[in-house]
Amino acid sequence: MNSSSRNNGFFNTCFLFSILGIFFTVAAFCVYFSVPAEETSESKPLVSEVMDISDEGEVPTFVSYLNDVSERSFKKDSDTGLELYRNPVSKGAVEWFYIHVTGKEDVAKAILDEAEKNNIPLSLAFSLAYTESHYNVNAVNKNSNDSIDRGLFQLNSNSFPNLTESDFFDPAVSAKFGMSHLKFCLNTAGNEISALAMYNAGTNKVRANKTPQSTLNYVGKIMAYQDTIDRLFDDEVASYFETRLTSSASVAMAAKN
């Protein structure tokens, strides 16, 4: 066999193996992508799916929470959300979570900042805003006494006479005064449930045991929404950083010793 024939045979063999290689590669990809991915029982819902809580249907009432007052006592600096928001390592994740809950970055950051300044549990602050306005900065409600509730935290025109109309609709301003008033209610009442009733009906009515039924239902809605946020926050944020921060602390302690 001459040199030319040997070369032709070699190139033909290489070409054949190349074709076979391409064929088997394509076949492997087809098999891989045709097999459905295994579903896991631990898959978590998206924030937007879980947080779409409707006002319709049965809602836990105020009375169902009365036995939990001791567990819902207002304790400064004891909220997991606040602790993680104040930590530079986890602050971004907390912001991400609440931006997705509200769907609005300016609203989420305004509430986060003012809740942090007033030592108010984050889930309580956001639950109040949701129940008051559904995170709508332009929300307006006219009352029977001719006063008007406006904005994110539905600040009342009679209670805040020095605010301009644009102030009411500014999420930063609304969060500032809404959180400071909630802080006053928390300090006065000593627990979240009575504080929320005061925020809605006024301090005097609650103290005189004249809280209207609409306020009791209002508090129940806030508590139900807060429970949902807390569970989701634990799954999406807190559980991850609790493990991570604990591990970092253990490593630092071991290095120190």
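Residues numbered from 1 in each chain as written. Predicted model: local features only at pLDDT ≥ 70, side-chain atom pairs only at ≥ 80, totals over all residues. Heavy atoms only, no water.

Focus: the overall build of the protein chain
Secondary structure summary: the protein chain contains 11 helices and 3 strands in total. Reading the secondary structure of the protein chain in the N-to-C direction produces α-α-α-α-α-α-β-β-β-α-α-α-α-α. Per-residue burial for the protein chain yields a buried fraction of 37% across its 257 residues. Taking the intrachain contacts of the protein chain between residues at least 6 apart in sequence as the baseline, contacts between residues at least 24 apart amount to 60%. (Helix = DSSP H or I, 4+ residues; strand = E, 2+ residues; numbered from the N terminus. Buried < 20%, exposed > 50% of the residue type's maximum accessible area, 1.4 Å probe, protein only. Contact = heavy atoms within 4.5 Å.)

What about unusual backbone geometry?
One non-glycine residue, Asp146, adopts positive backbone phi at about 75°. The class for Asp146 is exposed, based on a relative accessible area of 71%.

Observations concerning helix α8 (residues 171–189)
Side chains of residues three or four places apart in an α-helix project in the same direction, reflecting 3.6 residues per turn. Between its terminal C-alpha atoms α8 stretches 26 Å, which fits the 27 Å expected from 19 residues at 1.5 Å a residue. What α8 keeps buried is the set Pro171, Val173, Ser174, Ala175, Gly178, Met179, Leu182, Lys183, Cys185 and Leu186. Backbone nitrogen of Ala172 and a side-chain oxygen of the N-cap are separated by 2.9 Å at the start of α8; the cap is Asp170. Backbone geometry just downstream of α8 places Gly190 in the positive-phi region, at approximately 90°. (Expected span 1.5 Å × (residues − 1). Polar contact = N/O pair within 3.5 Å; in protein donor to acceptor, adjacent residues only side chain to side chain.)

Let's talk about the pattern of salt bridges
The tally for this structure, following the rule as stated, stands at 3 salt bridges. Its salt-bridge partner being Lys109, residue Glu105 comes within 2.9 Å of it at the nearest N-O pair. Of this pair, Glu105 and Lys109 both sit in helix α5 (residues 105–117), 4 residues apart, which is roughly one turn of that helix. (Salt bridge = Lys/Arg side-chain N within 4 Å of Asp/Glu carboxyl O.)

Description of the confidence of the model for the protein chain
Residue-level pLDDT values for the protein chain average 77, and 64% of them are 70 or greater. When the elements of the protein chain are averaged for pLDDT, helix α2 (residues 47–50) gives the smallest value, 45, and α5 the largest, 98. The model gives residues 24–71 a pLDDT under 50, and that stretch makes 45 contacts with residues more than four places away or in other chains. (pLDDT = per-residue confidence, 0-100.)

Quick notes on the environment of Val94
Its location among the elements puts Val94 in helix α4 (residues 91–102). Since its relative accessible area comes to 0%, Val94 is described here as buried. Sequence-wise, Val94 and Ala238 are 144 residues apart; in three dimensions their C-alpha atoms are separated by 8.9 Å. For Val94, the contacting residues outside a window of four places in its chain are Gly81, Leu84, Tyr85, Leu112, Leu122, Phe233 and Val237.

Re the sheet that holds strand β3 (residues 155–156)
Reading across the sheet, the 3 strands line up as β1-β2-β3 and stay open at both edges, with antiparallel pairing between neighbours. Of all strands in the sheet, those with a lone pairing partner are β1 (140–142) and β3, marking the two edges. Note that strand β2 (residues 148–150) and β3 share 2 bridges and pair antiparallel. Within β3, the residue paired with Arg150 across the bridge is Leu155. (Pairing = 2+ DSSP bridges.)

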